[in-house]
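# Summary of the model geometry
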Amino acid sequence: MGQAIVQVDAFTHQPFAGNPAAVCLLPAPQSDEWLQNVAREMNLSETAFLLVQEDGFNLRWFTPAAEVPLCGHATLASAHVLWSEGHMPPDREIRFHSKSGLLTANRRGDWIELNFPVQPMRPVSPPEELLAALGIMQPEAVQHRTRQNESDYLIELTTEAEVRQLQPDFTRLRALPTRGVIVTSAGQDYDFVSRYFAPGVGIDEDPVTGYAHCCLAPYWQARLGKSEFLAYQASARGGVVKVRCEGDRVLLGGQAVTVLRGELV
């Protein structure tokens, strides 16, 4: 028998929407090279690898190009697989040990709720080359609505239509000294919408990004003066995220559906 692997669409209730992730529950540790090769072979934005430990699971995430320290949709997919494939009782909290510390998952009816760390960002002036790569022609409009942390930029645009219609130059984005960029605006049917671009780690546009909502949550909490949100990531596939701020933690709610079960031979 080979190594089982499951593909899940996360932050959606229907197949072929949301963000696809592969989930591999390891019977024993594997080398980093093997993990990266599997992620490259799967060619999804993230492949999650789980290894049982005493009080939960060690969890690591790999894009086709690199390991990342935090990933929301592949964690959601991992929790879905552990419950739906019978590895964990449906009423049991799942504890994930990761490079971003302890993460937990709990079932909330048809939804899964993840407990993640806030990713704070500081105000910055947007670099001209970043705005040019995004095709933003009016720098003054985003001058006071740009944030940055050690990995990414966040830029608030004026309207949802601007977010949806944005057509970045990925070659230029890839050359910038940043992992990715989140663009966002207030929404019409949702509290806020967003998109996430990370060509530097092999993902031109991520369909639905849990990590980005750990940045967006405190930003929109300050902007809107409330702590609970219904958010939408406006990629081609699209996905809905329930967001709740609790101090230095963000609770992310999403749904997930299995689309493929396979075996690495």
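Residues numbered from 1 in each chain as written. Predicted model: local features only at pLDDT ≥ 70, side-chain atom pairs only at ≥ 80, totals over all residues. Heavy atoms only, no water.

### Some thoughts on the overall build of the protein chain
- Check the secondary structure of the protein chain and you find 7 helices and 18 strands.
- Oriented by its inertia axes, the alpha-carbon framework of the protein chain measures out at about 60 × 35 × 30 Å.
- Here the protein chain, with 265 residues, has 55% of them falling under the buried criterion.
- Long-range pairs, those at least 24 residues apart, make up 62% of the contacts in the protein chain between residues at least 6 apart in sequence.
- Of the accessible surface of the protein chain, which amounts to about 11900 Å², a share of 48% is contributed by carbon and sulfur atoms.
- Once the 22 positive and 31 negative side-chain charges of the protein chain are each reduced to a mean point, those two points are 2 Å apart. (Helix = DSSP H or I, 4+ residues; strand = E, 2+ residues; numbered from the N terminus. Buried < 20%, exposed > 50% of the residue type's maximum accessible area, 1.4 Å probe, protein only. Contact = heavy atoms within 4.5 Å. Areas by Shrake-Rupley, 256 points an atom, 1.4 Å probe, with all protein chains shown as cover. Lys, Arg positive; Asp, Glu negative; His and termini not counted. Charge placed at Lys NZ, Arg CZ, Asp CG, Glu CD.)

### A closer look at the packing of aromatic side chains
- Overall, the coordinates contain 8 aromatic pairs when judged by the stated rule.
- For the ring pair Phe-49 and Phe-62, a centre distance of 5.8 Å and an interplane angle of 80 degrees mean the geometry is edge-to-face. In this pair, Phe-49 sits in strand S3 (residues 46–53) while Phe-62 sits in strand S4 (residues 56–62), placing the two residues 13 residues apart along the sequence.
- For Phe-49, a relative accessible area of 3% translates into the label buried.
- For Phe-62, a relative accessible area of 3% translates into the label buried.
- These aromatic residues form a ring-pair network of at least three members: Phe-192, Tyr-219, Trp-220 and Phe-229.
- Looking at Arg-107, its charged tip hangs above the ring of Trp-83, at a distance of 5.8 Å from the centre.
- A cation over a ring is seen here: Arg-179 above Tyr-211, with NZ or CZ 4.7 Å from the ring centre. (Phe/Tyr/Trp six-rings, centres within 6.5 Å; stacked < 30°, edge-to-face > 60°. Lys NZ or Arg CZ within 6 Å of the ring centre and 35° of its normal.)

### Focus: the side chain of Thr-146
- Of note, Thr-146 is situated in strand S10 (residues 146–148).
- A distance of 2.8 Å separates a polar side-chain atom of Thr-146 from the backbone oxygen of Val-142.
- In contact with Thr-146, other than residues within four places in its own chain, are Arg-122, Pro-123, Val-124, Pro-126, Tyr-153, Leu-154 and Ile-155. (Polar contact = N/O pair within 3.5 Å; in protein donor to acceptor, adjacent residues only side chain to side chain.)

### With respect to the pattern of salt bridges
- Enumeration according to the criterion identifies 16 salt bridges in this entry.
- Salt bridges sharing common partners tie together Asp-32, Arg-60, Glu-67 and Lys-99. (Salt bridge = Lys/Arg side-chain N within 4 Å of Asp/Glu carboxyl O.)

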